[in-house]
Amino acid sequence: MLLCLIVASANATVKPGDVITPANAAQVKDLVSPGVFYAVTHGMHMEIVPTERIDWPPPYREATEKYSTQVRLTNDHRSLIGYVAGQPFPLIDPNDPYVGTKIIWNNVWRPISSDDYDLRFYDCQSENVRPGQDQGVIEELEIGHYAGYNLFGRTEVEPMPVDPDFKQSGRMWLFSLYPVLSPADQRGVGIVRFRYADPNRGDDSWDWQPGTRRVRRLNEAILSSATGAQSYDPDHYAGFNPKTEQYNYKFLGERQMLASVHAQHSPEVTCPYDGGATACPEAWELRHMYIVEATPRRDANNPGALDKLTNVYVDTELTFEPYIDTYDQKGRLWRAHIYWLAYRDRPVPNARVAIYPFKREFVVGAASIDTQSNFSTMCYLPGQNTPERECWYINMGAVDKDFCTVKAMVAAAP
């Protein structure tokens, strides 16, 4: 398998300056995932640009150098021992029998955000994939906050490197998305989620529904399920994000593949060639990627995963997945998750607050495409029609543990 991947990458047929459209999509078939190839054949355009290097934020790099030598997998090869901060496994050996698991743990503790983040005011548009036709928005969501707080692996904001609350609660990170600002029938909707260090303890999550004015505890099965007129599920809001120990991992190889990690637009542009299903035209470049197959462990701790398997494509410099493909129980491509990222010292050119002393990666666009029903939810980060233009506040102490609570979610509901 690895040999085949290397040979495929050697036969790359694109160069900077090329524009890829459905007419010449065959040129990139071996340079993207099947999900991305679906997007190109259904209208998404790529502008091929030269490959540029991406460096980790200096505090994250220093933490990796300080702590990584003490990290190892547990005896069952599922969890981590000795992890404090930075990247757990900076030296990847393709011949390691557990290399797939290590790559996924690197993705869990990735450099894109190590302490906290607050994505303010963004919007998502759901529509049918319509090659060559105008956009027909079925539903547009505007959301106030997409935020998270890490209790572990902190590198830039005190307390570092571990929040003392971890010893009492056992929580690794907290996540919140609230309130939904529009459409009117969903105004006030929110979700809060906790991830625990205990490998056998599933996530705790709750949502707030404005119709009933009640908090509902969520079954874990819901976290891998898209609901309503959109195709995202919580396990793929930020890449591949289910509980790590609930999957088995197989390393499929490494190769040169195209990804959009130096995006040129913010807000992202609505693709005019596929009914708005993706962002395009946008810059894509050749990147070195690891490919890991993730298969749900069918046991009492993971009863609800809907996918048969997921292929995770991880950029080796960025340690983030530019795209992910999921397959249904019959092994057919089901959902493609595509992320557009920008590498700079601020999320938008005119930022006044969210400015950093070094470059870092920002996700500026994300699409979840159901390839079987030809349906897509495209999110713009920052939103195209929102009042807040700085959008991303990463490792700035913008949110704390109290923000990621049911109490705060309910209080924020209109």
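So, a few notes on the structure that sits alongside this text. Only a predicted model underlies this, so the values are computations on that prediction, with no experimental measurement involved. (Residues numbered from 1 in each chain as written. Predicted model: local features only at pLDDT ≥ 70, side-chain atom pairs only at ≥ 80, totals over all residues. Heavy atoms only, no water.)

## Some details on the side chain of His337
Residue position: His337 is located in strand S15 (residues 333–344). Reaching out from His337, the side chain makes a polar contact with the side chain of Ser368 at a distance of 3.3 Å. (Helix = DSSP H or I, 4+ residues; strand = E, 2+ residues; numbered from the N terminus. Polar contact = N/O pair within 3.5 Å; in protein donor to acceptor, adjacent residues only side chain to side chain.)

## Here's the deal with helix H2 (residues 34–41)
For H2, the buried fraction is high: six of the eight residues fall into the buried class. Among all positions in H2, only Gly35, Val36, Phe37, Tyr38, Ala39 and Val40 are buried. Looking at the buried side of H2, the elements it contacts are strand S1 (19–20), strand S2 (46–48), strand S12 (282–296), strand S14 (323–327), S15 and strand S16 (360–370). Downstream of H2 by one or two residues, Gly43 has phi in the positive range, about 125 degrees. (Buried < 20%, exposed > 50% of the residue type's maximum accessible area, 1.4 Å probe, protein only. Contact = heavy atoms within 4.5 Å.)

## What to know about the state of the cysteines
Structurally, a disulfide amounts to a covalent bond that connects the sulfur atoms of two cysteines. This model, assessed by the stated rule, comprises two disulfides. Here Cys124 connects covalently by a disulfide to Cys379, the sulfurs 2.1 Å from one another. Taking the sign of the torsion about the S-S bond as the criterion, the disulfide between Cys124 and Cys379, at about 105 degrees, is right-handed. Here Cys124, found in strand S5 (residues 116–128), pairs with Cys379, found in strand S17 (residues 375–380); they are 255 residues apart in sequence, far enough to count as distant. Two residues share a disulfide in this structure: Cys271 and Cys280, whose sulfurs sit 2.1 Å from each other. On the sign convention where negative is left-handed, the bridge of Cys271 and Cys280, at about 45 degrees about the S-S bond, is right-handed. The connectivity of the disulfides in the protein chain is 1-4, 2-3, where the numbers refer to bonded cysteines in sequence order. (Disulfide = S-S within 2.5 Å.)

## Quick notes on the pattern of salt bridges
Pairing between side chains becomes possible if they bear opposite charge and their charged atoms approach one another. Following the criterion strictly, the structure yields 22 salt bridges and no others. Two residues, Glu285 and Arg287, come together in a salt bridge whose shortest N-O distance is 3.1 Å. When its relative accessible area of 1% is taken as the criterion, Glu285 is described as buried. Because the salt bridges share partners, they merge into one network encompassing Arg53, Asp55, Glu285, Arg287, Asp315 and Glu317. (Salt bridge = Lys/Arg side-chain N within 4 Å of Asp/Glu carboxyl O.)

## A word on the pairing of S12
Burial within S12 is extensive, with 12 of its 15 residues counted as buried. Bridge analysis of strand S11 (residues 247–259) against S12 gives 12 bridges, and the strand direction is antiparallel. Following the sheet pairing, Gly253 is matched in S12 by Ile291. Here S12 runs beside strand S13 (residues 309–315); their pairing, made up of six bridges, is antiparallel. (Pairing = 2+ DSSP bridges.)

## Quick notes on the packing of aromatic side chains
Enumeration according to the criterion identifies 19 aromatic pairs in this entry. With 6.2 Å between their ring centres and 90 degrees between their planes, Tyr122 and Tyr146 make a pair best called edge-to-face. Taken as a pair, Tyr122 in strand S5 and Tyr146 in strand S6 (residues 137–150) lie far apart in primary sequence, 24 residues in all. Note on Tyr146: relative accessible area 8%, which makes it buried. Pairing Phe194 with Trp206 gives two aromatic rings, centres 5.2 Å apart and planes at 70 degrees, and the pair type is edge-to-face. In this pair, Phe194 is assigned in strand S8 (residues 190–196) and Trp206 in strand S9 (residues 204–209), connecting sequence segments 12 residues apart. Since its relative accessible area comes to 9%, Phe194 is described here as buried. We classify Trp206 as buried; its relative accessible area is 16%. One aromatic cluster is present, built from ring pairs that chain together Tyr117, Tyr122, Tyr146, Phe175, Tyr237 and Trp392. Against the face of Trp334 rests Arg335, its NZ or CZ located 4.5 Å from the ring centre. (Phe/Tyr/Trp six-rings, centres within 6.5 Å; stacked < 30°, edge-to-face > 60°. Lys NZ or Arg CZ within 6 Å of the ring centre and 35° of its normal.)

## As for helix H3 (residues 58–67)
Listed in full, the buried residues belonging to H3 are Tyr60, Ala63, Thr64 and Tyr67. Seen from one end, H3 has its buried residues packed into an arc of 105 degrees, which puts them on one side. In H3, those exposed residues whose orientation departs by more than 90 degrees from the buried face are Glu65 and Lys66. (Arc of directions from axis to C-beta.)

## A few points about the side chain of Arg154
By the secondary structure assignment, Arg154 is in the loop between S6 and helix H5 (165–169). Lacking a salt bridge, the buried Arg154 has Asp116 as its closest oppositely charged neighbour, with an N-O distance of 4.2 Å. One polar contact links the side chain of Arg154 to the main-chain carbonyl oxygen of Asn150, over a distance of 2.7 Å. Here Arg154 is in contact with Ala85, Ser114, Asp115, Asp116, Tyr149, Pro159, Met160, Pro161 and Asp163, once residues within four sequence places are set aside. (Lys, Arg positive; Asp, Glu negative; His and termini not counted.)

## Topic: the environment of Met44
In this structure, Met44 sits in the loop between H2 and S2. Residues in contact with Met44, not counting those within four places in the same chain, are Ile20, Val36, Ala39, Cys271, Asp274, Thr278, Ala279, Cys280, Trp284 and Trp340.

## Some remarks on the pairing of S8
Most of S8 is tucked away, with seven of its seven residues classed as buried. Going residue by residue along S8, you find Gly190, Val192, Phe194 and Tyr196 tucked away on one face and Ile191, Arg193 and Arg195 tucked away on the opposite face as well. The pairing of strand S7 (residues 171–182) with S8 spans six bridges and is antiparallel. Opposite Ser176, over in S8, you have Val192 as the bridge partner. Relative to S9, S8 runs antiparallel, the two sharing five bridges.

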